[in-house]
Amino acid sequence: MRVRSRRRAREVAMQTLYGVDVGRVRADWAIEDGIREAQLPPDLADYARRLVVGVQTHREEIDRRLSDLLEDWSLDRLSAVDRAVLRMAACEMLHFPGIPPLVTIDEAIDIAKKFSTAESGRFVNGILARLMETSEKANWDPSQLETPPEEEEPPEPEQPEPEEEPEGSEEPEPIPEPTFWRIREPKESEQE
């Protein structure tokens, strides 16, 4: 059975993480808006949601692991796009056991090149290759999985506790159109 490419789901997840980081928008609203705009089918929409929730759930660990790999840099100094790509790929590598690590790295490189710069692709490759070496996927062997990698679903990440609203608070205002934080698609003249 051939699995549909998850590239578009990863792109929507990365754009959501970018929006949450830079635009300070709510992740649950941003992911649903991204899914609707991209017209993702249900299986890819679910994968994008799992990536976003996974990054939120494991963000402290992900940021610590990535920070340990950055030499003479801090995670905050990276471009917001590169930071979102690295967080998403690190989550997939560390917490989605059925995804081959080289697929995660290749997808992250391509997304970084598309939404950031060609140099970002090399940078993302170097960081994620080092992360793979220090992760459980360093010696990844698909034959050790209970189900084939193509059929395995990523684990359901724990849902973060919703923030309690003070008594008497009103319904939140609807989120404005998030066009202010969307990453623009490269123009044909900017592509290689």
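Throughout what follows, the structure given in this document is the object of discussion. (Residues numbered from 1 in each chain as written. Predicted model: local features only at pLDDT ≥ 70, side-chain atom pairs only at ≥ 80, totals over all residues. Heavy atoms only, no water.)

Points about the pattern of salt bridges
Applying the stated criterion across every chain, the model contains 17 salt bridges. The shortest N-O distance in the salt bridge between E32 and R49 comes to 2.7 Å. Here E32 is found in helix α2 (residues 27-38), whereas its partner R49 is found in helix α3 (residues 42-57), with 17 residues between them in sequence. For the salt bridge of E61 with R65, the shortest nitrogen-to-oxygen distance reads 3.9 Å. Residue E61 and its partner R65 are located together in helix α4 (residues 59-69), separated by 4 residues, close to a single helical turn. E61 sits in the partly exposed class, given a relative accessible area of 24%. Given the relative accessible area of 17%, R65 is considered buried. Each of the salt bridges in this network shares a partner with another, and the network as a whole consists of R7, R10, E92, E107 and D110. (Salt bridge = Lys/Arg side-chain N within 4 Å of Asp/Glu carboxyl O. Helix = DSSP H or I, 4+ residues; strand = E, 2+ residues; numbered from the N terminus. Buried < 20%, exposed > 50% of the residue type's maximum accessible area, 1.4 Å probe, protein only.)

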